[in-house]
Amino acid sequence: MHHKQKGAMVTSAQIRAARGLLNWTVRDLAEKAGVHRNTVTRAETDANGPGTAQAAIRAALEAAGVEFIPENGGGAGVRLKK
């Protein structure tokens, strides 16, 4: 039922949108992901490939209830799980 794309790329726009859905500041996300605020800002401005920081950011957002929707013809996106 829950199919997580292992290592699937999330875009910088998806990270920004997910943070917006949760109404989190950059500092909130940085603390939850255990990364520096500058790292979050970088991830939100240029998705520079899968790395440990991006994985931590994604994991923190998913733990808070964000679901990343893959690019499947309709465009990549995010939503909150019910």
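Residues numbered from 1 in each chain as written. Predicted model: local features only at pLDDT ≥ 70, side-chain atom pairs only at ≥ 80, totals over all residues. Heavy atoms only, no water.

A.B. asks: Just give me the short version of helix α3 (residues 37-45), but keep the residues and values in it.
C.D. replies: Looking only at α3, the buried set comprises T39, V40, A43 and E44. Taken end-on, α3 shows its buried residues confined to a sector of 135°, consistent with a single buried face. Contacts from the buried residues of α3 go to α1 (12-22), α2 (26-33) and α4 (52-63). (Buried < 20%, exposed > 50% of the residue type's maximum accessible area, 1.4 Å probe, protein only. Helix = DSSP H or I, 4+ residues; strand = E, 2+ residues; numbered from the N terminus. Arc of directions from axis to C-beta. Contact = heavy atoms within 4.5 Å.)

A.B. asks: Just give me the short version of the environment of A59, but keep the residues and values in it.
C.D. replies: Tracing the backbone through its elements, the reader meets A59 in helix α4. Classification of A59 as partly exposed rests on a relative accessible area of 42%. Along the chain, A59 and A33 lie 26 residues apart, while their C-alpha atoms are 7.4 Å from each other.

A.B. asks: Give me the packing of α1 against α4: which residues, what numbers.
C.D. replies: The N-to-C vectors of α1 and α4 enclose an angle of 30°; their axes lie 11 Å apart at closest approach. By crossing handedness, the relation of α1 to α4 is classed as left-handed. Along its contact with α1, which presents I15, A18, R19 and L22, the element α4 presents Q54, I57 and L61. A class-by-class count of the residues in the contact of α1 with α4 yields five nonpolar, one polar and one charged. (Axes fitted to C-alpha atoms, helices over the stretch in contact; angles between N-to-C directions. Left-handed = near helix turned anticlockwise from the far one by under 90°. Nonpolar A, V, L, I, M, F, W, Y, C, P; charged D, E, K, R; others polar.)

A.B. asks: Pulling in residues and values, what's your account of the packing of α1 against α3?
C.D. replies: Running from N to C, α1 and α3 cross one another at 120°; their axes reach a closest spacing of 6 Å. What the angle tells us is that α1 and α3 run oblique. The segment α1 lies against α3, with S12, I15, R16 and R19 engaging A43, E44 and T45. Split by residue class, the contact of α1 with α3 holds two nonpolar, two polar and three charged. (Parallel < 35°, antiparallel > 145°, perpendicular 65-115°, else oblique.)

A.B. asks: Break down the pairing of strand β1 (residues 66-69) for me, with residues and values.
C.D. replies: Alternating residues of β1 divide into V66 and F68, all buried, and E67 and I69, none buried. Here β1 pairs with strand β2 (residues 77-80) via four bridges, running antiparallel. If you follow F68 over to β2, its bridge partner there is V78. (Pairing = 2+ DSSP bridges.)

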